[in-house]
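Take a look at the letters that make up each chain.
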Amino acid sequence: MDIVIAVGDQLAKQLALGAAHAGVDTAIVGDNQTATDLLEKLLQPGDIVIIKGSRGGMRWQIAQALTGQPLTGILS
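Residues numbered from 1 in each chain as written. Predicted model: local features only at pLDDT ≥ 70, side-chain atom pairs only at ≥ 80, totals over all residues. Heavy atoms only, no water.

**Concerning the overall build of the protein**
Then step 1. Check the secondary structure of the protein and you find 3 helices and 2 strands.
Then step 2. Secondary structure elements of the protein, listed N to C terminal, follow the sequence β-α-β-α-α.
Then step 3. Against the 2.2 N^0.38 benchmark of 11 Å for 76 residues, the protein shows a C-alpha radius of gyration of 13 Å, consistent with a compact globule.
Then step 4. When the backbone C-alpha atoms are referred to their principal axes, the protein occupies close to 40 × 30 × 15 Å. (Helix = DSSP H or I, 4+ residues; strand = E, 2+ residues; numbered from the N terminus. Rg over C-alpha atoms; globule rule 2.2 N^0.38 Å.)

**Description of the layout of surface pockets**
Then step 1. Each pocket or cavity is described by its volume, and for the largest pocket that value is around 870 Å³.
Then step 2. In terms of lining residues, the largest pocket is bounded by 28 residues, among which Val 4, Ile 5, Ala 6, Ile 50 and Ile 51 are the most central.
Then step 3. Residue assignment for the lining of the largest pocket shows that the elements contributing at least two residues are strand 1 (3-7), helix 1 (10-21) and helix 2 (32-42).
Then step 4. Residue composition of the lining of the largest pocket, grouped by class: 18 nonpolar, 5 polar and 5 charged. (1 Å grid on protein atoms, 1.4 Å probe; cavity = no way out; pocket = protein on both sides within 12 Å on 5 of 7 lines; lining within 4 Å. Points joined across faces, edges and corners; volume = space filled by probe spheres on them. Nonpolar A, V, L, I, M, F, W, Y, C, P; charged D, E, K, R; others polar.)

**Observations concerning the side chain of Gln 64**
Then step 1. When you line up the elements, Gln 64 lands in helix 3 (residues 60-66).
Then step 2. Owing to a relative accessible area of 11%, Gln 64 belongs among the buried residues under this scheme.
Then step 3. When neighbours within four sequence positions are excluded, Gln 64 is seen to be in contact with Gln 69, Pro 70, Leu 71 and Thr 72. (Buried < 20%, exposed > 50% of the residue type's maximum accessible area, 1.4 Å probe, protein only. Contact = heavy atoms within 4.5 Å.)

**Description of the nonpolar core**
Then step 1. In terms of nonpolar packing, the biggest core is built from 6 residues, these being Ile 5, Val 7, Val 29, Ala 35, Leu 39 and Ile 62.
Then step 2. Those elements giving two or more residues to this core turn out to be strand 1 and helix 2.
Then step 3. Once you skip the residues sitting within four places of it in the chain, Val 29 turns out to touch Ile 5, Ala 6, Val 7, Gly 8, Thr 34, Ala 35 and Leu 38. (Core = buried A, V, L, I, M, F, W, Y, C linked by side-chain atoms within 4.5 Å.)

**Describing the pairing of strand 1**
Then step 1. For strand 1 and strand 2 (residues 25-29), the ladder comprises 5 bridges, and the chain directions are parallel. Paired with Ala 6 across the two strands is Ile 28, which belongs to strand 2. (Pairing = 2+ DSSP bridges.)

**Quick word on a nonpolar patch on the surface**
Then step 1. On the surface, a nonpolar cluster with roughly 180 Å² of combined accessible area is contributed by Leu 43, Val 49 and Ile 51.
Then step 2. For Leu 43, a relative accessible area of 30% puts it in the partly exposed group. (Patch = residues over 30% accessible without salt bridge, like charges linked within 9 Å, V, L, I, M, F, W, Y side chains within 5 Å. Areas by Shrake-Rupley, 256 points an atom, 1.4 Å probe, with all protein chains shown as cover. Salt bridge = Lys/Arg side-chain N within 4 Å of Asp/Glu carboxyl O.)

**A short note on the environment of Thr 67**
Then step 1. Examined against the element boundaries, Thr 67 turns out to sit in the segment after helix 3.
Then step 2. Classification of Thr 67 as exposed rests on a relative accessible area of 54%.
Then step 3. C-alpha of Thr 67 to C-alpha of Ala 27: the two residues are 40 residues apart in sequence and 21 Å apart in space.
Then step 4. At 2.8 Å, the side chain of Thr 67 forms a polar contact with the backbone oxygen of Ala 63. (Polar contact = N/O pair within 3.5 Å; in protein donor to acceptor, adjacent residues only side chain to side chain.)

Interpretation in functional terms is not warranted from these geometric data alone.
Here is the structure:
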């Protein structure tokens, strides 16, 4: 299953609308934790996850959570 999970508000909405227009399943969530929770429900062994975001959005926290690493902030 291919899915775009957009995190945030207006820019996330634009990304999700573009993906949906291209025929990709989409979801818009408000924060990293919600994105992580959704991914944990959807992911199957062998799935590939690509995370793209700005440093300010700290999207690396999603990858950390999915791989069991401690979550870090911008300065940690």
